[in-house]
Amino acid sequence: MKATRRRFLPLLSIALLGTATLWWGSDGFTAFTAEAARRQSVLAEPRPLPMVGLEDQDGRRFTLGDYAGRLLAIEFIYTQCNSICYSLGTTFRQLHDSVPTAALGRDLALLSISFDPQHDGPEQLREYGQRFGADGANWRIARPLAAAELPALLAAFGVVAIPDRLGGFEHNAAIHLVGRDNRLRQISDIDAAAPFVAAIREQL
Amino acid sequence: MKQPRRSGRHALGAGAAYLLLTLPPVRHWLEASMASHMLVQMPLLVALGMVAVRLLPAGRRRRLRNGFGGPLACLTAATFASAYWMLPRALDAAIGEPLAEFAKFVSLPLLVGLPLALAWESFGLIGRGFVWTNLISMQVFLGWLYVAAPLRVCNNYLVDDQLRVGWLLITLAGLLFAGWLGALFRGAPASRTEAPMYKTA
């Protein structure tokens, strides 16, 4: 009896501790990937964003703080991308077309940010915008002014872009919703424009 | 009388190998691809924990095993610790977060390799077979998951890297299975140390 307890108790505590660790490490068995984790994390706790200096397709300088008071939809891109960014651009276009026209600009703006500022100058950004029908005002295409500030910006959003051996990047593409308080509030799949629009409409 | 000196040299070798793995250039090199991260660096860390056990005298090993709570508790600890490092987000975290990287370098030898080796030597053929079959089926499952997953599970690795790891895992499982089967048919236990059919003590 005593021997059984001596064997059983450590086993039980290890199993409990192990389960607790896995529970903790997967947010209660709901997020097994870093991508799922960042999406849940911003839903539970909207994240403040760094006021990194940005430059748009016309060379105008601004920060995310300039959008305070409005909702802001953000996608991260690089203009040479022709695979996943194509769907991203199309999704953004859909987004642009499905919100009430009156709300555009006043209540909601769209922003595409390039994580390849070395290659993507205003000219490339402008060309990207034209390709997807961005108007350059309510939907701007931008890049960080200083490449050194890019890592902080990407880290705040949880975006990881890695070179793909073909001269391009692979990145966790998604659409990001920043609230009126300048906090990152929601991250959605690029093929989930409809629920994203619904979330925006709720907040208009 | 020669034994302690030789194990001392082995301990030195194991320590040197561990230090080598922690060096930033080596670390970055092995973590640059998902395949070398998961199938070289992490198994090496586990293996170093197992080597450490073999360098201990039998009495110390027994005390350590009892400290864990017996062979089954050892196996449970190793199972949970390795399951944690199979979470794709743990792999991602180990690259970007120093604390997670530290946890990986400590837990893989101490909470996977060490208890596994402690449990292993007191398991009979059936216990060892149980561990082998679970290891192999888990590899096939994980490999299949990586091959069939419609999305990238790690933000830090390319999707074709993930595909390669999937096939490597399946191949590795096949090889392990063949090796294990071969050992069974030769009538030798799957390890060089003699394993009793049933545990007597």
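These remarks concern the structure in this document. The structure presented is a predicted model; accordingly, all values stated were derived computationally and were not measured.

Residue and element names in this part refer to chain A. The mixed open sheet is built from eight strands, whose spatial order is β1-β10-β9-β4-β5-β6-β2-β3. Edge positions in the sheet fall to β1 (47–48) and β3 (61–62), since each of these pairs with one other strand and no more. As defined by bridge partners, strand β4 (residues 71–77) adjoins strand β5 (residues 108–114) across seven bridges and the pair is classed as parallel. Paired with Ala73 across the two strands is Leu110, which belongs to β5. In this fold helix α3 (residues 84–98) packs onto β4, β5, β6 (139–144) and β9 (175–178), with an angle of close to 165° to the strand it touches most, β4. Its contacts with the sheet place helix α5 (residues 150–157) against β1, β2 (54–56), β4, β5, β6, β9 and β10 (183–188), and it is angled at close to 115° to β4.

Turning our eyes to something else, we now look at unusual backbone geometry. Residues and elements named next belong to chain A. Even without a glycine there, the phi angle at Phe29 is positive, about 60°. Following the sequence through the fold, Phe29 ends up in the loop between α1 (2–25) and α2 (34–44). Positive phi outside glycine occurs at Arg165, with the angle close to 70°. Among the structural elements, Arg165 can be located in the loop between β7 (161–163) and β8 (169–171). For Arg165, a relative accessible area of 57% translates into the label exposed.

This paragraph deals with the interface of chain B and chain A. The interface is formed by 23 residues belonging to chain B together with 28 residues belonging to chain A. Summing the contributions of chain B and of chain A, the shared interface buries around 2100 Å²; its carbon and sulfur component is 62%. Contact with chain A buries surface across chain B, with Arg89, Asn155 and Leu158 of chain B losing the most and accounting together for 33% of the total. Applying the counting criterion to the chain B and chain A interface returns three salt bridges. For Asp160 of chain B, the salt bridge identified is with Arg165 of chain A, shortest N-O distance 3.6 Å. Counting across the chain B and chain A interface gives six residue pairs in polar contact (both at pLDDT 80 or more). Mapped onto the side of chain B that touches chain A, the elements with two or more residues apiece are α4 (58–68), α5 (71–84), α6 (88–96) and α9 (159–185) of chain B.

Reading the values: rules and limits
Residues numbered from 1 in each chain as written. Chains lettered and ligands numbered in written order. Predicted model: local features only at pLDDT ≥ 70, side-chain atom pairs only at ≥ 80, totals over all residues. Heavy atoms only, no water. Pairing = 2+ DSSP bridges. Helix = DSSP H or I, 4+ residues; strand = E, 2+ residues; numbered from the N terminus. Contact = heavy atoms within 4.5 Å. Axes fitted to C-alpha atoms, helices over the stretch in contact; angles between N-to-C directions. Buried < 20%, exposed > 50% of the residue type's maximum accessible area, 1.4 Å probe, protein only. Buried area = accessible area lost by both parts, 1.4 Å probe. Salt bridge = Lys/Arg side-chain N within 4 Å of Asp/Glu carboxyl O. Polar contact = N/O pair within 3.5 Å; in protein donor to acceptor, adjacent residues only side chain to side chain.

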